[in-house]
Amino acid sequence: MAIVINLDVMMAKRKMSLNELSEKVGITLSNLSILKTGKAKAIRFSTLEEICRVLQCQPGDLMEYRPGEP
Amino acid sequence: MNQQNNKLELTDILYWLFKFGFWLHLIYIIIQTASMFRIAKDGGVEARISGNFYLWSEISDWHQTEVKSKNEKQEIPFLLTHKKTYASYHVKLSQGRNLVMIVNLIVYHAIWLCITLIFLRIFRSLKNGSYFQRQNITRLQLIAAVIFVAPILKQIYNLQFFAFSQENITITDYNLWMRKDIFFLPAWINSEMVFGFFGMLLVLAITEVFRKGIELKTENDLTV
């Protein structure tokens, strides 16, 4: 998919673990892992809002468009 | 919530019906195979193929005619039960042919038994709440294939038997024809084959619905 998720980058910047993020956002660890590894097919606005709130970032910081990516 | 409970109950009923049907089918096959072997041991096999032959006759009641073999070397006592255009055969064949017929019958029933088993597994998966499984697609495709192929196999068997009958027997005053099921189609295509074809299309359509359902479920599972 041409949309690349940079969740791990933002988590590293905020020095936050996956466990901590999942607790604060309120979604399961497996779902967060799906998002982090780029396997997710879609993301709800509510989830995106929560992640942005917890990581104090913009949606654009979490994902970027890279044409030509499989 | 109530609606969901009702659906589950219906699935339960269908599951138990298919489970009962499976065992009933199995018992039927065992009994029929045993009886076939018993008849074969006596030197012949009873083959009832009704409705596949067309017989010109004015007799309106069930009538039996003993038919003699064309080939004098082969002894084929052939009893023909007929009424107007319908005829059924009771024929004693050689041991080799008996075996072929018995194997054919067992294979034919075994295929349908497998289908009952596949249906049972589909309903078990529905009963357990796992509606959209990849295995269910394969199972439905297998059912579609059998629905289409089984009547063809049966008809091939009928045609072979018909050819054998035409070559080897003579019936005084009667002409033997393949019965035409559907007037605009050739006689070798019977209604079972046509229903099989449309049944296959129907099951394939259901398979596509299942495939789409699995795609949607996967997409839903991967939505965070």
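These numbers come from a predicted model, not from an experiment.

Q: What's the story with the overall build of chain B in this structure? I'm lost.
A: From N to C terminus, chain B includes four helices and six strands. Counting from the amino terminus, chain B carries its helices and strands in the arrangement α-β-β-β-β-α-α-β-β-α. Classification of the 224 residues of chain B by burial places 38% in the buried group. Contacts spanning at least 24 positions in sequence make up 73% of the contacts within chain B whose residues lie at least 6 apart. Accessible surface, chain B: about 14200 Å² in total, of which carbon and sulfur atoms supply 63%.

Q: Which parts of the structure should I look at to understand the packing of aromatic side chains?
A: Aromatic ring pairs are described here by two measures, namely the spacing of the ring centres and the angle between the planes. Residue and element names in this part refer to chain B. Evaluation of the coordinates by the stated rule reveals eight aromatic pairs over all chains. Both rings, one in Phe18 and one in Phe119, keep their centres 5.0 Å apart while their planes meet at 25°; by these two values the pair is stacked. Linking Phe18 in helix α1 (residues 2-41) with Phe119 in helix α2 (residues 95-127), this pair joins segments that are 101 residues apart in sequence. For Phe18, a relative accessible area of 25% corresponds to the partly exposed category. When the centroid spacing of 6.5 Å and the interplanar angle of 20° are considered together, the rings of Phe119 and Phe123 count as stacked. Here Phe119 and its partner Phe123 are both found in helix α2, four residues apart, which amounts to about one turn of the helix. With a relative accessible area of 26%, Phe119 lands in the partly exposed category. On the basis of relative accessibility, which here comes to 13%, the residue Phe123 falls in the buried class. Ring pairs connect the aromatic residues Phe18, Phe119 and Phe123, which therefore count as one cluster.

Q: It is not clear to me how the interface of chain B and chain A should be interpreted in this structure. Could you clarify?
A: It is common to report an interface's size as the accessible area lost on association of the parts. Contacts between the two partners involve six residues from chain B and, on the opposite side, ten residues from chain A. Of the roughly 720 Å² buried at the junction of chain B and chain A (both faces included), carbon and sulfur atoms supply 64%. Looking at the side of chain B facing chain A, the largest losses of area belong to Leu222, Thr223 and Val224 of chain B, adding up to 85% of the total buried there. Along the contact surface separating chain B from chain A lie zero salt bridges. Taken together, chain B and chain A are joined by four residue pairs in polar contact (both at pLDDT 80 or more). Counted by class, the side of chain B that touches chain A contains two nonpolar, two polar and two charged residues.

Rules and cut-offs
- Residues numbered from 1 in each chain as written.
- Chains lettered and ligands numbered in written order.
- Predicted model: local features only at pLDDT ≥ 70, side-chain atom pairs only at ≥ 80, totals over all residues.
- Heavy atoms only, no water.
- Helix = DSSP H or I, 4+ residues; strand = E, 2+ residues; numbered from the N terminus.
- Buried < 20%, exposed > 50% of the residue type's maximum accessible area, 1.4 Å probe, protein only.
- Contact = heavy atoms within 4.5 Å.
- Areas by Shrake-Rupley, 256 points an atom, 1.4 Å probe, with all protein chains shown as cover.
- Phe/Tyr/Trp six-rings, centres within 6.5 Å; stacked < 30°, edge-to-face > 60°.
- Buried area = accessible area lost by both parts, 1.4 Å probe.
- Salt bridge = Lys/Arg side-chain N within 4 Å of Asp/Glu carboxyl O.
- Polar contact = N/O pair within 3.5 Å; in protein donor to acceptor, adjacent residues only side chain to side chain.
- Nonpolar A, V, L, I, M, F, W, Y, C, P; charged D, E, K, R; others polar.

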